[in-house]
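A structural walkthrough
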Amino acid sequence: MKKLYFFTLTVSIIVLLIVNHSIATVYHVSKDNGDFKTLHEAIEKVDSGDIIKIHGGVYHESITITKDNITIEAFDPKDPPIFDGSDQEFLNNNHEWNFESDGVYSTPYTWIKSIPELNHYGGGKNDYSTLVVYENDIYLKGYKGIQIDGTGIAPYDNLEELNPVNDPPLPNWAIDIKKSISIEGRFIYKNNKLYIRSVDGDHPSTHKYSIPILFHLFDIREKKVVIKNLVIKNYSGYAVRLENSDYSIIENCIFINNHYSVEIRNSQNVKLLKNFIKQYGFWERMWYYDAKGTVFWSHAIDVDGGGKSKNCEIAQNVISGYYSALLAHGTDMNVHDNIFSYCISTHINCTAYNIDIPFNIRIYNNIFHHVDDNSIGVSNLPDGPIWIFRNIFYVVHGLNKAGSNDLSKSGGECYFYNNTITNATRIPIHPYSYPSYKKLHYRNNIFHLNSNKSTFFWRYRYRNSYIEGWDIIPFKNGPDSDYNLFFKDGNTDLIAEFRDSYGSIYTYNKDEFNIMCDQTGLDPNSLYADPNFLNGSLFINADVSRMRLDNISTMNYEEIIHTGYNELYLSHFNPLYNLFALTEGSPAIDRGEDLPDNWPDIVEITDQLIDIGAHEHKSTTNLLSPPNNLRIYIK
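A quick note: this is a predicted structure, and the numbers were derived from the prediction, not measured.

1. Structural notes on the pairing of strand E13 (residues 186-190)
Each regular strand carries side chains that alternate between the two faces of the sheet. Across five bridges, the pairing between E13 and strand E14 (residues 193-197) is antiparallel. Looking across to E14, one finds that Lys190 is bridged to Lys193. Linking E13 to E14, which pair antiparallel, is a turn of two residues; within it Asn191 sits at a positive phi near 55°.

Below is the structure:
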């Protein structure tokens, strides 16, 4: 009987495995001796449940995936395949460079696409891309702003424009974070010639030039597709597009110099984990009005929810060097343990195009730094909630942008609490007609401004008096803010300005913080005090434009592959986060407000007294969530 039972069980397991196709077939893609020489050939062959292992080498491909439950991964993560969407003939051939003048050289080149209307948001949905050139993986600037105070760009037209000394100066507000974009590395494409002024001012023959021509690598249209340990670079659209791709995973991939990197559309439970996503040189050479409203109005990740992209997770990625890192159009997702850096407009932009679509976004335990405008955008928000907590922000022009010119998009609930914001140049900006109507909640945050560059914590100007319920003294229908800690180092005194449509102006300096609280009703229980960071000398009176605390964002991607992304990330994230811990005597300790039970948190308050800021002094020494094991504690 025992033998019969064993035999019956074995047969049942075999039948079950066959039915479920759990015994995967493994295919190898290799330039030399694999089952296939290209990924395209392998995709045509595989069945659901199969695995494709790709050996090292450079591949130039564009793939559509219409089969579910397949895995595509590097055979050796230390020698990953490189998928390069750039013009391979131009990249790999020697060119005859002719000296023109003033460090500029030219070579014949024919761009295979038409140049689109530059001042139009392409959105990455169609093959709507323009000519971009990278020199040794560094972005070269080929377009000039045509309005210094508006939007619009045009190609460079003459060789003199390739010399950065001829650039018009940036306006004062644009040099709060970076002092200049007048640096070397420019090109012109004209009359079937490519004109180059190199990054180092030397001869172009010593460099490789990448010109993206393929629109995407993966267009994924099925569920449970896993992409791991690949290098994906130089694609002119979205490198990876996922549509109706529930439970798909993009993990440990290196995305380099793609116009857009990942789009998630109508997909649930998608995970983007431990990826390095970077454009080298774009942030250094472009500014807000070079990109806004143009084909460079781009973002690394677009989660176009439409109410259907639910329970997605973006975790432990480094995302750097884009106009915007993450664009969220009404969706449900967790964004945590990431480093967002060196962006032009926003790090995360939460915008709804459909007023009937609710948000439910949790943004926590991230590090945000270096953004030319506002780190978080919550303008035109008809619904919510958006939860933003336990994050570190440093060297940002502003924390958030809110409000709307459309009353129907002014009702979204957004919660900022237990964040640490230091070396900012302002906190909120509400540039629109309609205020936040107390839908924007600030609690237990540290707001530290670097006064060498900034003047205001609160700045409300020219709010129209016809708006129902609007008033300044007391401050009605503005943000709901209390139990925060405010601090401004340096000599500039102004901390708040309120101005109504009748021209009445109310300003407050550092010594009048309590008067401001009393007259406006804002922050009645907040503090104005030095937060006393453990590493306060790094932040007080700092030259923010030179502050470089994060090394991994600017690291060469080949070094990241060699060392291993996981090892580098873990060694960087915690020390960087903990730079903003508090000293034992900090006034922020135990001075926060106990928050409602339905506000999520990741920290257990062991002494029952909540601190102000991202660090809970007695409860947390290491906030990086264990991989794939994050817990959200609801108090």
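2. Concerning unusual backbone geometry
Cis geometry marks the peptide bond from Gly384 to Pro385, where omega comes out at 5°. You can see Pro385 is positioned in the loop between strand E33 (367-377) and strand E34 (386-389). Its identity is not glycine, yet Asp137 carries a phi of approximately 70°, on the positive side. One can find Asp137 in the loop between strand E9 (133-135) and strand E10 (138-140). Backbone geometry places Asn269, a non-glycine residue, at a positive phi of 60°. Looking at the secondary structure, you find Asn269 in the loop between strand E22 (260-265) and strand E23 (271-273).

3. Examining the confidence of the model for the protein chain
Mean pLDDT over the protein chain works out to 87, with 89% of the residues at or above the 70 mark. pLDDT under 50 marks residues 1-21. Its contacts with residues more than four places away, or in other chains, come to six contacts. Scored below 50 in pLDDT, residues 626-635 shows 28 contacts in the model against residues more than four places distant or in partner chains.

4. Some details on the side chain of Asn366
Tracing the backbone through its elements, the reader meets Asn366 in the loop between strand E32 (360-364) and E33. With a relative accessible area of 0%, Asn366 lands in the buried category. A distance of 3.2 Å separates a polar side-chain atom of Asn366 from the backbone nitrogen of Asp337. From its side chain, Asn366 meets the backbone oxygen of Tyr364 in a polar contact 3.0 Å long. Excluding residues that lie within four positions of it along the chain, Asn366 makes contacts with Val335, His336, Asp337, Asn338, Phe340, Arg390, Asn391, Ile392 and Tyr577.

5. Quick notes on the sheet that holds E14
Two orientations exist for strands paired in a sheet by backbone hydrogen bonds: parallel and antiparallel. Strand order in the open sheet formed by four strands is E7-E8-E14-E13, with antiparallel pairing between adjacent strands. Here the strands that pair on one side only, and so sit at the sheet edges, are strand E7 (98-101) and E13. Adjacent strand axes in the sheet meet at a mean angle of 30°, parallel and antiparallel pairs treated alike. With three bridges joining them, E7 and strand E8 (residues 104-108) adopt antiparallel strand pairing. The residue of E8 that forms the bridge with Phe99 is Tyr105.

About the thresholds
Residues numbered from 1 in each chain as written. Predicted model: local features only at pLDDT ≥ 70, side-chain atom pairs only at ≥ 80, totals over all residues. Heavy atoms only, no water. Pairing = 2+ DSSP bridges. Helix = DSSP H or I, 4+ residues; strand = E, 2+ residues; numbered from the N terminus. pLDDT = per-residue confidence, 0-100. Contact = heavy atoms within 4.5 Å. Buried < 20%, exposed > 50% of the residue type's maximum accessible area, 1.4 Å probe, protein only. Polar contact = N/O pair within 3.5 Å; in protein donor to acceptor, adjacent residues only side chain to side chain. Axes fitted to C-alpha atoms, helices over the stretch in contact; angles between N-to-C directions.

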